Amino acid sequence: MGREERAAGAPGQWQVSVAGMAAVGVTFGFARYGYGLFLPEFRRAFDLPVSLVGLIASASYLGYVIALLSVGVLVTRLGPRPLVVIGGLSAAGGMGLVACAGGPVTLTTGLVLAGTSPGWVWAPYSDAVDRVLAPHLRERAMGAIATGTAFAVTVAGPLALVAQGPRWRHAWLAFTAAALLATLYNARVLPGGARGAGRDTPAPGHSPTHRPGLGRFTRAAAIPSTRPPCPTAWSAPSTGRSPSRRSPSTRAPVPTSSRRCSGR
């Protein structure tokens, strides 16, 4: 079966879209952006200085970047399912720690762990959609998945206004439960295993041994070129004579591939 055909038993567009919206929503909308939405309550409850507030935000973003870079290597070996599950569990575990935090140390640990979760979730979904959906359905599914953040923030924003005082812990417990449910659903829907391991067939023109890994960040197509456009190169067929003694009957020059000039 070709790569562009849906495998028997593979999830449909609505299943992948709902799973992606849920995963992106709990990791971005709750686990990552929840820190800013509930920051006034955190500062009142734990008497956080401004310096610690900035340190938590910086550490959370650093963890996000590390997770995002790790996914580039691991997704081709493990498939999207384990990485999305790791992201969901990071969100659930981190938000659970926040909900039960008794001091700044536990709060910081939970917020940083939860902040790494979007890095594990977002990138593998492009691979998951490419593996299980037909080409004409992929853009629509990715567009729907990206709306998960908006829906989650729409829920978390009003909660941050009404869940004041000790009630903010109840909101974060609800976020934790939502992350666990989303993780379970994604574990059921998404494909696992390396690409090409029994299910996927490389598309025409792609080597079956190609493993992008970190190369997807450094490939030529991903690096902007500053070179001017290459003019079309022409070459004449070799006749064994010097150009000045070429016979009038020599065939017209043939254009060479422009790819040689572009370096591709």
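Treat the numbers as computed from the prediction; the structure is a model and nothing was measured. (Residues numbered from 1 in each chain as written. Predicted model: local features only at pLDDT ≥ 70, side-chain atom pairs only at ≥ 80, totals over all residues. Heavy atoms only, no water.)

**Student:** Tell me about the environment of G93, and name the residues and values.
**Tutor:** In this fold, G93 is placed in helix 5 (residues 80-100). A relative accessible area of 31% places G93 in the partly exposed class. Taking the C-alpha atoms as reference points, G93 and G110, separated by 17 residues in sequence, lie 7.2 Å from one another. (Helix = DSSP H or I, 4+ residues; strand = E, 2+ residues; numbered from the N terminus. Buried < 20%, exposed > 50% of the residue type's maximum accessible area, 1.4 Å probe, protein only.)

**Student:** Describe helix 3 (residues 39-46), listing the residues and the values that go with them.
**Tutor:** Burial in helix 3 covers these residues: L39, E41, F42 and F46. Looking straight down helix 3, one finds its buried side chains confined to an arc of 155°; they lie on one side. As for helix 3, its buried residues are in contact with helix 2 (34-37), helix 4 (50-78), helix 5, helix 6 (104-132) and helix 9 (168-189). Positive backbone phi, approximately 55°, marks D47, located one or two places after helix 3. (Arc of directions from axis to C-beta. Contact = heavy atoms within 4.5 Å.)

**Student:** Break down the pattern of salt bridges for me, with residues and values.
**Tutor:** Inspection of the entire model under this criterion finds 3 salt bridges. Note that D127 is salt-bridged to R131, the shortest N-O span being 3.7 Å. Of the two residues, D127 and R131 are both situated in helix 6; the distance of 4 residues between them amounts to about one turn of the helix. There is no split in this pair, since D127 and R131 are both buried. Note that R138 is salt-bridged to D130, the shortest N-O span being 3.0 Å. The exposure classification of R138 matches that of D130, with both residues buried. (Salt bridge = Lys/Arg side-chain N within 4 Å of Asp/Glu carboxyl O.)

**Student:** How would you explain the nonpolar core if you had to name every residue and give the values?
**Tutor:** Across soluble globular proteins, you tend to see nonpolar side chains buried next to one another. One finds F38, F42, M95, L107, L111 and W172 to be the most contacted residues of the largest nonpolar core, which totals 31 residues. Mapped onto this core, the elements with two or more residues apiece are helix 1 (13-32), helix 3, helix 4, helix 5, helix 6, helix 8 (148-162) and helix 9. Ranked by the residues each element gives to this core, the list is headed by helix 9, at 6 residues. Counting residues in each nonpolar core, the second largest holds 19 residues, with V16, F28, V84 and L137 among its members. (Core = buried A, V, L, I, M, F, W, Y, C linked by side-chain atoms within 4.5 Å.)

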